[in-house]
Amino acid sequence: MTTPGVPAPRGAAPRVPVEDRTRFLARAEHRALRVAALVGVLVLWELFCRAGWVPALFLPSPLGVLREARDMLASGELLVHLAASLKRLVLGFALGSAAGVAVGIAVGVFSTAEAVGTPLIAATFPIPKIALLPLLILWLGIGEPSKIAVIALGVFFPLALNTYAGARQADPVLIRAAVAFGAGRWSVIRKVIVPSTLPMVFAGLKLGAGTALLLLVAAEMIAVESGIGFLVLNAANLMATTKLMVGIVLLSALGVLSHWGLTAMERLVIPWREE
Amino acid sequence: MKVVVERLGKTYPARRGPAVTALEDVTLAAEAEEFLAILGPSGCGKSTLLGAIAGLVPASSGGVFFEGARRPGQPLTASVFQEFALFPWRTVRANVELGLEELGVTGRERAARARRQLEQMGLHGFEDRFPHQLSGGMRQRVGIARALAVDPAVLLMDEPFSALDAQTRTLMMEELLGVWERARTTILYVTHNIQEAVFMADRVLVLSRRPGRVLASVPVPLPRPRTEAMLGAPAFVETADRIWRLIRSQAAAALVEGGT
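Residues numbered from 1 in each chain as written. Chains lettered and ligands numbered in written order. Predicted model: local features only at pLDDT ≥ 70, side-chain atom pairs only at ≥ 80, totals over all residues.

Description of the overall build of chain A
When helices and strands are counted, chain A shows 10 helices and 0 strands. Listing each helix as α and each strand as β along chain A from the N terminus yields α-α-α-α-α-α-α-α-α-α. Relative to its length of 275 residues, chain A is extended, with a C-alpha radius of gyration of 27 Å against a globular reference of 19 Å. Expressed along its principal axes, the backbone C-alpha trace of chain A runs to roughly 90 × 70 × 30 Å. Split into buried and exposed, the 275 residues of chain A put 30% on the buried side. A separation threshold of at least 6 residues defines the contact pool for chain A, and within that pool the share at least 24 residues apart is 71%. (Helix = DSSP H or I, 4+ residues; strand = E, 2+ residues; numbered from the N terminus. Rg over C-alpha atoms; globule rule 2.2 N^0.38 Å. Buried ≥ 20, exposed ≤ 12 C-beta atoms within 10 Å, placed from the backbone. Contact = placed C-beta atoms within 7 Å.)

Printed below as a string of structure tokens:
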């Protein structure tokens with residue numbers, strides 16, 4: 001057994017093969033396990049309910065929830081709630097993120113805006129936005145505007161802070177290069193700062209999506225006739241636990257879908273990102 | 001165009017301790033169409049000097065002047081950076097068009113000028129790639145194309161090939177000389193590599209360690225076009241040796257000090 005270029009071992013000279021010592025560092029993806037874990041929990045839950053160990057009033061079975069969802073879809077009830085919630089979510093999210101990005105860039109670029117903005121943001125950021133809901137209702141009335149406003153407020157902060165951080169992290173070498181090729185203040189903002197913030201903006205959008213969902217449910221528990229928050233609260237009052245679970249599953253689905261959507265959009269908008 | 005640097009000084013205020021003098025009383029001139037190398041040990045303020053000439057670093061004293069005729073719309077300088085400084089979100093083509101955009105060149109002419117420059121730099125077929133998809137050598141080709149696309153009166157190059165491996169560097173040096181023979185702009189070429197400076201330049205300006213001062217101006221007695229064979233020519237070796245003796249003690253001191 002000889003390999004070209006490698007002298008054969010002579011006599012009893014000991015020979016030790018090199019082993020891959022990094023093997024234990026590898027992290028496999030375990031695709032099957034991911035699916036199995038989710039399905040497994042659902043199956044166990046279903047069996048648990050069928051065994052009759054807990055009354056359906058406290059814990060409805062997954063198939064029961066699915067059946068209820070189908071019925072609610074057929075009767076149109078589900079769509080009414082979903083449409084009402086989506087409208088508030090989309091409007092609040094769009095307004096809040098647009099304002100957040102604009103403020104973040106202004107504060108990141110202009111020293112005066114930074115001097116004015118950072119103390120104000122630092123003072124208002126820690127307030128739980130739910131606490132502002134009564135105030136917003138007082139100002140904007142009990143209708144839609146106060147609900148959209150509270151969602152917008154919740155989305156505003158993660159976006160303003162992330163965009164600000166992204167703008168400050170813009171590579172000074174690139175800013176210098178842009179100036180060397182004749183760029184003025186606005187060109188630098190448009191061609192260097194804004195693209196530099198995009199990864200942080202998307203991180204902020206994902207954070208904001210979670211906050212938006214939270215505030216949506218809170219807002220919909222006050223003086224509304226439709227929406228997923230209303231559905232959950234109303235079902236709880238009527239002890240309709242299966243219906244309540246439909247609302248919760250719907251919220252989970254909204255969260256997962258918005259995350260996927262934003263991830264897909266990020267890939268589309270930031271094609272230069274290295275893998 | 002001719003570049004004149006008169007008694008240029010640059011002092012950086014330090015947060016603690018005394019201010020750092022990067023350049024002191026630097027006076028030099030680069031003739032029109034001259035390839036002038038600016039050589040010095042690390043931390044001698046060569047990059048600061050180039051930055052001051054580009055208008056990217058405000059001078060503390062003295063000044064920089066350009067003399068001679070300039071075509072209408074022609075920018076005074078364009079820069080090639082050590083770190084390439086390509087915009088990661090722009091394709092190769094869009095990177096090359098950057099300077100033209102700022103000059104207000106319209107879309108169609110911009111595309112045509114970018115295409116011409118990309119072809120000259122051997123980047124044909126790479127127009128739609130992003131910088132991270134290119135090798136270091138290709139990236140700096142884009143950097144050079146971007147600078148040449150605006151047709152500057154003076155081309156400023158700050159250690160353009162020092163981030164490249166030795167083989168790529170040699171190839172890029174020859175390529176740059178080829179491009180320059182055709183374009184014939186004034187080039188100010190900052191480097192810490194003596195061989196590189198002597199091989200490429202008409203004249204090598206040797207700077208002292210911080211604070212940077214002009215130690216000597218050494219003409220390179222080699223004909224053009226330069227070829228790789230000249231790297232062994234007596235005139236090359238003698239000139240390189242002469243410059244090495246000038247900066248040897250400076251470099252040794254910089255080594256101990258560990259300046260940047």
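From this point, things continue past the structure.
Some points on the nonpolar core
It is characteristic of soluble globular proteins that their nonpolar side chains tend to be buried jointly. In this structure, Ile151 of chain A together with Leu188, Tyr189 and Val204 of chain B are the most contacted members of the largest nonpolar core, which totals 122 residues. Broken down by element, the residue count for this core peaks at 14 residues, all from helix 6 (residues 144-168) of chain A. In this structure Tyr189 of chain B touches Phe35, Leu36, Ala37, Ile38, Met157, Met200 and Ala201 of chain B, once residues within four positions along its chain are discounted. (Core = buried A, V, L, I, M, F, W, Y, C linked by C-beta atoms within 7 Å.)

Digging into the sheet that holds strand 8 (residues 203-207) of chain B
The strands that make up a sheet pair up through hydrogen bonds in the backbone, lying either parallel or antiparallel. All names here are of chain B. Within the open sheet, the 6 strands sit side by side as 5-6-7-3-8-9. Their pairing is mixed. Single-partner strands in this sheet number two, and they are strand 5 (77-80) and strand 9 (214-219). For this sheet, the mean angle separating the axes of adjacent strands, direction not counted, is 20 degrees. Where strand 8 lies against strand 9, 5 bridges are found, and the strand directions are antiparallel. Each residue of the ladder has a partner; that of Leu205, found in strand 9, is Ser217. Here helix 4 (residues 136-149) sits on the sheet and contacts strand 5 and strand 6 (154-158); the angle it forms with strand 5, its principal contact strand, is near 180 degrees. (Pairing = 2+ DSSP bridges. Axes fitted to C-alpha atoms, helices over the stretch in contact; angles between N-to-C directions.)

Points about the packing of helix 7 (residues 172-180) of chain A against helix 8 (residues 185-219) of chain A
Residues and elements named next belong to chain A. With their axes 10 Å apart at the nearest point, helix 7 and helix 8 run at an angle of 135 degrees to one another. In terms of orientation, helix 7 and helix 8 fall into the oblique class. Where helix 7 crosses over helix 8, the handedness of that crossing is right-handed. Of the residues in helix 8, those touching helix 7 at Leu174, Ile175, Ala178 and Val179 are Ser187, Val188, Lys191 and Val192. Partitioned by chemical class, the residues of the contact of helix 7 with helix 8 number 6 nonpolar, 1 polar and 1 charged. (Parallel < 35°, antiparallel > 145°, perpendicular 65-115°, else oblique. Left-handed = near helix turned anticlockwise from the far one by under 90°. Nonpolar A, V, L, I, M, F, W, Y, C, P; charged D, E, K, R; others polar.)

Details of the environment of Ala102 of chain A
All names here are of chain A. Looking at the secondary structure, you find Ala102 in helix 3 (residues 77-109). Look at Ala102 and you get partly exposed, because 14 C-beta atoms sit within 10 Å. Ala102 sits 58 residues away from Ala160 along the chain, and the two C-alpha atoms are 7.6 Å apart.

Section: the sheet that holds strand 1 (residues 2-12) of chain B
Residues and elements named next belong to chain B. Pairing in this open sheet of 3 strands is antiparallel, and the strands run 2-1-4 from one edge to the other. With one partner strand each, in any of the chains shown, strand 2 (20-30) and strand 4 (61-67) form the two edges of the open sheet. Strand-to-strand twist of the sheet, defined as the mean angle between neighbouring strand axes without regard to direction, takes the value 15 degrees. Inspection of the sheet shows strand 1 paired to strand 4 by 6 bridges, in the antiparallel sense. Pairing of Glu6 across the sheet is with Gly63, part of strand 4.

Regarding the interface of chain B and chain A
By a widely used convention, the size of an interface equals the accessible area lost when the partners come together. The interface of chain B with chain A comprises 18 residues on the first partner and 13 residues on the second. Mapped by element, the contributors of at least two residues to the side of chain B that touches chain A are strand 5 and helix 2 (92-103) of chain B. Among the elements that take part in the side of chain B that touches chain A, helix 2 of chain B stands out by supplying 4 residues, more than any other. Its residues placed into classes, the side of chain B that touches chain A shows 13 nonpolar, 3 polar and 2 charged.

Brief notes about the packing of helix 3 of chain A against helix 8 of chain A
Residues and elements named next belong to chain A. Contact geometry of helix 3 with helix 8 gives a least axis separation of 9 Å together with a crossing angle of 145 degrees. Two packed elements cross with a definite hand, and for helix 3 against helix 8 that hand is right-handed. Across the interface between the two elements, Ser85, Arg88, Leu89, Gly92, Phe93, Gly96, Ser97, Gly100, Val101, Ile105, Gly108 and Val109 of helix 3 pack against Ile189, Ile193, Val194, Thr197, Val201, Gly204, Leu205, Gly208, Ala212 and Leu216 of helix 8. Grouping the amino acids of the contact of helix 3 with helix 8 by side-chain chemistry returns 12 nonpolar, 9 polar and 1 charged.

A short note on helix 7 of chain A
Note on helix geometry: an α-helix contains 3.6 residues per turn, so any two residues three or four positions apart are oriented the same way. Where helix 7 of chain A is concerned, the buried positions are Leu174, Arg176, Ala177, Ala178 and Ala180 of chain A. The inward-facing, buried residues of helix 7 of chain A contact helix 8 of chain A together with helix 1 (46-54) and strand 5 of chain B. Looking one or two residues past helix 7 of chain A, Gly182 of chain A carries a phi angle of roughly 100 degrees, positive in sign.

A word on unusual backbone geometry
Residue and element names in this part refer to chain B. Each neighbour pair has its own omega, and for Arg224 with Pro225 the value is 0 degrees, a cis peptide bond. One can find Pro225 in the loop between strand 9 and helix 7 (234-257). With a phi angle near 40 degrees, Glu159 is a residue other than glycine that sits in the positive phi range. For Glu159, a count of 19 C-beta atoms within 10 Å corresponds to the partly exposed category.

A few points about the confidence of the model for chain B
Segments scoring low in pLDDT should not have their predicted coordinates read at a detailed level. Averaged over all residues, the pLDDT of chain B is 91; the fraction at 70 or higher stands at 98%. Both confidence scores are given for the complex: pTM 0.86, ipTM 0.91. (pLDDT = per-residue confidence, 0-100.)

As for helix 4 of chain B
Residues and elements named next belong to chain B. Counted at 1.5 Å a residue, the expected span for helix 4 with its 14 residues is 20 Å, and the 20 Å between its end C-alpha atoms agrees. Of all 14 residues making up helix 4, 11 are buried, and the element is well covered by its neighbours. What helix 4 keeps buried is the set Arg139, Gln140, Arg141, Val142, Gly143, Ile144, Ala145, Arg146, Ala147, Leu148 and Ala149. Asp151 sits one or two positions beyond helix 4 and adopts a positive phi of about 55 degrees. (Expected span 1.5 Å × (residues − 1).)

Quick word on the environment of Leu213 of chain A
All names here are of chain A. Along the chain, Leu213 falls in helix 8. A C-alpha to C-alpha distance of 37 Å links Leu213 and Ile175, two positions 38 residues apart in sequence. Ignoring sequence-local partners within four residues, the contact set of Leu213 consists of Leu251, Leu254 and Gly255.

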